[in-house]
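# What the coordinates show
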Amino acid sequence: MEMILEATEDYDSMADVEEKTERVLRTWLTTFRGLGLLSSMLPTEKHRYFILSLAYASSNWNESTGGPYSTEKIFDTVKYVYENCPGKEIPPSCTSSWCLV
């Protein structure tokens with residue numbers, strides 16, 4: 001809630017507030033803390049792939065190369081794949097149009 005309130009500070013128009021709020025929420029949705037909401041907004045096919053990716057990364061975690069196991073590290077690893085492999089990106093409609101399109 002705090003991030004939304006911050007988006008309402010120092011603005012010239014309602015469009016500024018909307019733009020800042022969208023940017024802040026888009027960023028938050030792709031963090032470990034925003035995963036729950038994002039996964040509920042993803043289309044079923046993408047959601048399944050994302051969950052399977054998390055499960056695969058978790059079950060195959062190698063502490064000698066990835067360091068100590070943590071759920072956040074698993075998330076960061078899967079997120080890295082989504083951000084750096086063409087065709088596996090988080091759908092733009094989920095991070096900019098809130099999956100309503």
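To start, this report covers the structure provided alongside it. (Residues numbered from 1 in each chain as written. Predicted model: local features only at pLDDT ≥ 70, side-chain atom pairs only at ≥ 80, totals over all residues. Heavy atoms only, no water.)

Moving on, we get to the overall build of the protein chain. In terms of regular secondary structure, the protein chain is built from 7 helices and 0 strands. Counting from the amino terminus, the protein chain carries its helices and strands in the arrangement α-α-α-α-α-α-α. In the protein chain, which comprises 101 residues, the share counted as buried stands at 26%. Long-range pairs, those at least 24 residues apart, make up 49% of the contacts in the protein chain between residues at least 6 apart in sequence. (Helix = DSSP H or I, 4+ residues; strand = E, 2+ residues; numbered from the N terminus. Buried < 20%, exposed > 50% of the residue type's maximum accessible area, 1.4 Å probe, protein only. Contact = heavy atoms within 4.5 Å.)

The next subject is the packing of helix 4 (residues 44-59) against helix 6 (residues 71-84). Relative orientation and spacing of two packed helices are given, respectively, by the angle between their axes and the distance between those axes. Axis separation between helix 4 and helix 6 bottoms out at 9 Å; the angle between their running directions is 130 degrees. Judged by the inter-axis angle, helix 4 sits oblique to helix 6. Regarding helix 4 and helix 6, the two cross each other, and that crossing is right-handed. Of helix 6, the residues touching helix 4 (which contributes Lys46, Tyr49, Phe50, Ser53, Leu54, Ala57 and Ser58) are Ile74, Phe75, Val78 and Tyr82. (Axes fitted to C-alpha atoms, helices over the stretch in contact; angles between N-to-C directions. Parallel < 35°, antiparallel > 145°, perpendicular 65-115°, else oblique. Left-handed = near helix turned anticlockwise from the far one by under 90°.)

For the rest of this paragraph, the subject is the packing of aromatic side chains. One pass over the structure, following the stated rule, counts 4 aromatic pairs. Judged by centre distance (5.8 Å) and plane angle (65 degrees), the ring pair of Phe32 and Phe75 falls under edge-to-face. With Phe32 in the loop between helix 2 (14-29) and helix 3 (35-41) and Phe75 in helix 6, this residue pair connects regions lying 43 residues apart in the sequence. Accessibility expressed as a relative area gives 4% for Phe75, which makes it buried. An angle of 65 degrees between the planes, with centres 6.3 Å apart, marks the rings of Phe50 and Phe75 as edge-to-face. Taken together, the positions of Phe50 in helix 4 and Phe75 in helix 6 put the pair 25 residues apart, joining distant regions of the chain. Pair check on accessibility: Phe50 and Phe75 agree, each one buried. One aromatic cluster is present, built from ring pairs that chain together Phe32, Tyr49, Phe50, Phe75 and Tyr82. (Phe/Tyr/Trp six-rings, centres within 6.5 Å; stacked < 30°, edge-to-face > 60°.)

Taken together, the side chains of Tyr49, Tyr80 and Val81 make up a nonpolar region of the molecular surface, amounting to roughly 290 Å² of accessible area. Looking at the element boundaries, Tyr80 is found in helix 6. (Patch = residues over 30% accessible without salt bridge, like charges linked within 9 Å, V, L, I, M, F, W, Y side chains within 5 Å. Areas by Shrake-Rupley, 256 points an atom, 1.4 Å probe, with all protein chains shown as cover. Salt bridge = Lys/Arg side-chain N within 4 Å of Asp/Glu carboxyl O.)

In short, the description is geometric, and any link to function would need to be established separately.
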